[in-house]
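Descriptive analysis of the structure
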Amino acid sequence: MKGEINEKLLTKEVDVNAKGEKLKDRLWIENKKMWVVAGPAIFTRFSTFGIHIIGQAFVGHIGSTELAAYALVVTVFLRFTSGILHNEDNLFVSVAYEKKSNNSTTYHFFILFRWFHLLKKTVPLELWYNTVLILLTGNMGNAEVAIDALSICLNINGWEMMISLGFLAAASVRVANELGRGSSKAAKFSIVNIVLTSFSIGFVLFVFFLLFRGRLAYIFTENSDIAAAVGDLSNLLAWSILLNSVQPVLSGVAVGAGWQSIVTYVNIACYYLVGVPVGVVLGYVLDFQVKGVWIGMLFGTFVQTVVLVIITCKTDWDKQVSIAHKRVNKWYVEPEPPIVNQENA
């Protein structure tokens, strides 16, 4: 135990191939480390989000109007306010911590700056973007059926994303651990393993939703018009699931490497400067209705995924190891010399 405590966190980089391990052995070890983090994260998120899915299924069999109302309440108000409350909670913690400031002007300026900083860092952009989609769809023709169909698809898509968010957590932990350990090769190996695992699950679900299409809608409703609308959106749902199996994982890689600010700007640009305008043009100007709005969302996600792939591939991971060294050494405390008993000296 004493040896483990005194062992250096950062050591000379270990070549993952130098130990003579076979690929299957390395995969087995890496997957055990990955699932220790991803498993509980996926279970918690998936089961929690599943409550909304079950609720929607019960409400949908009451009536299409009730289903649309449920979609507005859950997708718009609940998710939107949850994001605000999450930010306010962090803000109040910061206010309480910094309340010792004597300069009132400086204090209020700090609060405004801190609010912007927290908003930039922690706003759940994906959830708020779904809110925008529902609001845009509500102003289209046959809004009730459109909202019902879109909410069913978005909730299925969101439910699947809980799996990807579990892998996001695993990616951030594994990348941070390997960079801290000083092994750029192990970090890259972890990235490839997690991305391929998440993509494999996403591909299976991609095929599943292409095959079953509108038949899944009858879990949520008895209305044939809504089921037909869901079937019409199934292709977009399947592609969304496939893209969402990669994009969150790459975001987790960025978090593990300490690029949170970069990812935030990429998210804002792709969702709100690319996705929303394209969706508005396709949905309203070109009259593609719900499909146009969703294609805009899908295009924004695609651009975001491409940008994150480029950033990840072009990253100098050896340099990231050096940066990790500097971060840890900044807080490194030299061990105290042993106390010599003068009586025994």
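Residues numbered from 1 in each chain as written. Predicted model: local features only at pLDDT ≥ 70, side-chain atom pairs only at ≥ 80, totals over all residues. Heavy atoms only, no water.

We quote the UniProt Sequence similarities (unreviewed entry) comment for the protein here in full: "Belongs to the multi antimicrobial extrusion (MATE) (TC 2.A.66.1) family." (UniProt positions renumbered as here; feature names shortened; annotations may be inferred.)

On to the overall build of the protein. Within the protein, the secondary structure is distributed over 12 helices and 0 strands. Secondary structure elements of the protein, listed N to C terminal, follow the sequence α-α-α-α-α-α-α-α-α-α-α-α. In the protein, once contacts between residues fewer than 6 apart in sequence are set aside, the share between residues at least 24 apart is 82%. A total of about 18,900 Å² of accessible surface is found on the protein, and carbon and sulfur atoms cover 67% of it. (Helix = DSSP H or I, 4+ residues; strand = E, 2+ residues; numbered from the N terminus. Contact = heavy atoms within 4.5 Å. Areas by Shrake-Rupley, 256 points an atom, 1.4 Å probe, with all protein chains shown as cover.)

This next bit is on the pattern of salt bridges. Applying the stated criterion across every chain yields a total of 4 salt bridges. Two residues, Arg-174 and Glu-30, come together in a salt bridge whose shortest N-O distance is 2.9 Å. With Arg-174 in helix α6 (residues 143-181) and Glu-30 in helix α2 (residues 23-60), this residue pair connects regions lying 144 residues apart in the sequence. Comparing Arg-174 with Glu-30, the two get one shared label, buried. Of the charged contacts in the structure, one is a salt bridge between Arg-181 and Glu-178, with a shortest N-O distance of 2.8 Å. Placement of both Arg-181 and Glu-178 in helix α6 is noted, with a separation of 3 residues, approximately one turn of the helix. (Salt bridge = Lys/Arg side-chain N within 4 Å of Asp/Glu carboxyl O. Buried < 20%, exposed > 50% of the residue type's maximum accessible area, 1.4 Å probe, protein only.)

Across the interface, helix α10 (residues 260-285) lies against helix α11 (residues 289-314) with an axial gap of 7 Å and an inter-helix angle of 155°. In terms of axis orientation, α10 runs roughly antiparallel to α11. Taken as a pair, α10 and α11 cross one another with a handedness that is right-handed. Partitioning the contact of α10 with α11 into residue classes produces 16 nonpolar, 10 polar and no charged. (Axes fitted to C-alpha atoms, helices over the stretch in contact; angles between N-to-C directions. Parallel < 35°, antiparallel > 145°, perpendicular 65-115°, else oblique. Left-handed = near helix turned anticlockwise from the far one by under 90°. Nonpolar A, V, L, I, M, F, W, Y, C, P; charged D, E, K, R; others polar.)

Right, let's get into the environment of Ser-224. Within the secondary structure, Ser-224 is located in helix α8 (residues 224-244). A relative accessible area of 45% places Ser-224 in the partly exposed class.

Turning our eyes to something else, we now look at unusual backbone geometry. The phi dihedral of Arg-213 falls on the positive side, at around 45°, and the residue is not glycine. Counting through the fold element by element, Arg-213 comes out in the loop between α7 (184-212) and α8. Its identity as a non-glycine residue notwithstanding, Asp-287 has a phi of 60°, on the positive side. One can find Asp-287 in the loop between α10 and α11.

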